[in-house]
Amino acid sequence: MTAIAMTAGLAACSSDKSENLGQIGAVSGFLGGVVADEPRAVRVARDVLSAGGTAADAAVALYATMTVTKSSVAGIGGGGVCVVHMRSAKKVEVLDFWPRPGTRTAADQTATTIPAVPRGLYALSARYGRLNWAQLLSAAEQYARLGVPVSRSMVVDIDANRDRIEASPMLREVFMPGGNTLHVGDRIRSVNLGALLTSLRVKGPGEFYNGALGAQIAKAVENAGGTLTADDMRSYKPEWKSATEVKVGNETLYLAYPPRSSSGRSVIDQGTELGAILNRYLADIDVGDNAAQTNSGRSGFVVLDRAANAVVCTTTMNKPFGAALGADSFGLNLAAGDAAHAQTPLIGPALMVNPFVWEYYYGIAGTATPAGATKQIATLAEDLIGNGAAANISMNSDGNSSVNIVRCLGGVPPHPETCQFVADPVGGGMAGTQ
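None of the values given here were measured: they were computed from a predicted structure.

A. Looking closely at the overall build of the chain. In terms of regular secondary structure, the chain is built from 14 helices and 20 strands. Relative to a compact globule of 434 residues, whose C-alpha radius of gyration would be 22 Å, the chain shows 20 Å and is just as compact. Along the longest, intermediate and shortest principal axes, the C-alpha atoms of the chain span 55 × 55 × 40 Å. Put simply, the chain has 434 residues, and 60% of those count as buried. Surface summary for the chain: the accessible area is close to 15400 Å², and the carbon and sulfur share equals 50%.

Here it is in structure tokens:
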């Protein structure tokens, strides 16, 4: 699919039919929008916004759907990081549920991670959601159980990782059924994953981490040669923390992680606070050992609701299709746990609001590969510093460079007509709005 850049030329007013909350069409007028690398997940998230859900609700539904439709970069056994803006709370904070390696109990084990997504998504839903948790997981559950047409975005990942899929019985069963590689429009189906999503929908993540299910999953992973224990499952918790703040005129840009480097070359004009910190991110790319990040199995999305709440996330499996190891009987593939792949992004998701009136202005998230991080830095410079600010940035070609953006440079709520929802064609996704 080509890039989709939608301008929300809509009336500033919108209404919420509270008696129809949870039903598509409950919101009339401007409902916000979503941009991500997988079209089916975008449609599910847009429906959640239409049903009166918050940006947090839509982000949970989108991520859950991607565990089925784009599991190369977003699985139940993976994780992510989100910058979250809740206007009514006058707050921006970071939800960090980046997956961390499980406990090694034998020398010959394959490094895998503790699955972070269930508790991460539940934390987002519980803190900033409006709709019922079960409703947010229902589309993903049905797609896994009954099957869903494969998108071009997913097929690109399957084709690029054919050797890894062929070498893993669990991946081969789903992505090469009968020995045949899936093509666009073929149906992808994982009954075991569907059953796991049913458990999460009905029981929440408690049983997954603390109950018999968690112990069974840990034992299955250990038997398969991965690094995961029941104690790992019980002790895992996502973290709410403060964002890195950068002044941009009257607005503030909030970043998930600070740059690792304390300084950087003056590639971007150092006359602004944003230029200085972007140069430090560029230095991270230049000086770091980023070979493992080239093919890191990550994606990014942006969600905005009609009330100007926003969620901007980077998802990860650390490698495309993760470790290709997990608990087969539960349809659970874990993210790769080796240190080189499990490190946090070179630059994570970013979100800009006005901290005086708490209006939304800008959100951007990418793949966090060297190529994606460089493209994200260049885009931030051009959009927020000025035309030509990225002229001296040497674009990197290491890895996927998809970057998704929601610009509302007139400010939302008052000026939704200024919003642009831009899906990067490299990611094969789309933008969904009204």
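The structure having been displayed, the exposition proceeds.
B. Representation of the side chain of serine 151 in the model. Assignment of secondary structure puts serine 151 in the loop between strand S7 (148-149) and helix H5 (152-160). Overall, serine 151 belongs to the buried group, its relative accessible area being 11%. Those residues in contact with serine 151, other than ones at most four positions away along the chain, are Glu38, Pro39 and Val184.

C. Quick peek at the pairing of strand S10 (residues 244-248). Of the two faces of S10, only one is covered, namely that formed by Thr244, Val246 and Val248; the face formed by Glu245 and Lys247 stays uncovered. As judged from the five bridges shared by S10 and strand S11 (residues 251-255), these two strands associate in the antiparallel manner. Across the sheet, the residue bridging to glutamate 245 is tyrosine 254, located in S11. Hairpin remark: S10 followed by S11, antiparallel, with two residues in the connecting loop; positive phi at glycine 249, about 65°.

Calculation rules
Residues numbered from 1 in each chain as written. Predicted model: local features only at pLDDT ≥ 70, side-chain atom pairs only at ≥ 80, totals over all residues. Heavy atoms only, no water. Helix = DSSP H or I, 4+ residues; strand = E, 2+ residues; numbered from the N terminus. Rg over C-alpha atoms; globule rule 2.2 N^0.38 Å. Buried < 20%, exposed > 50% of the residue type's maximum accessible area, 1.4 Å probe, protein only. Areas by Shrake-Rupley, 256 points an atom, 1.4 Å probe, with all protein chains shown as cover. Contact = heavy atoms within 4.5 Å. Pairing = 2+ DSSP bridges.

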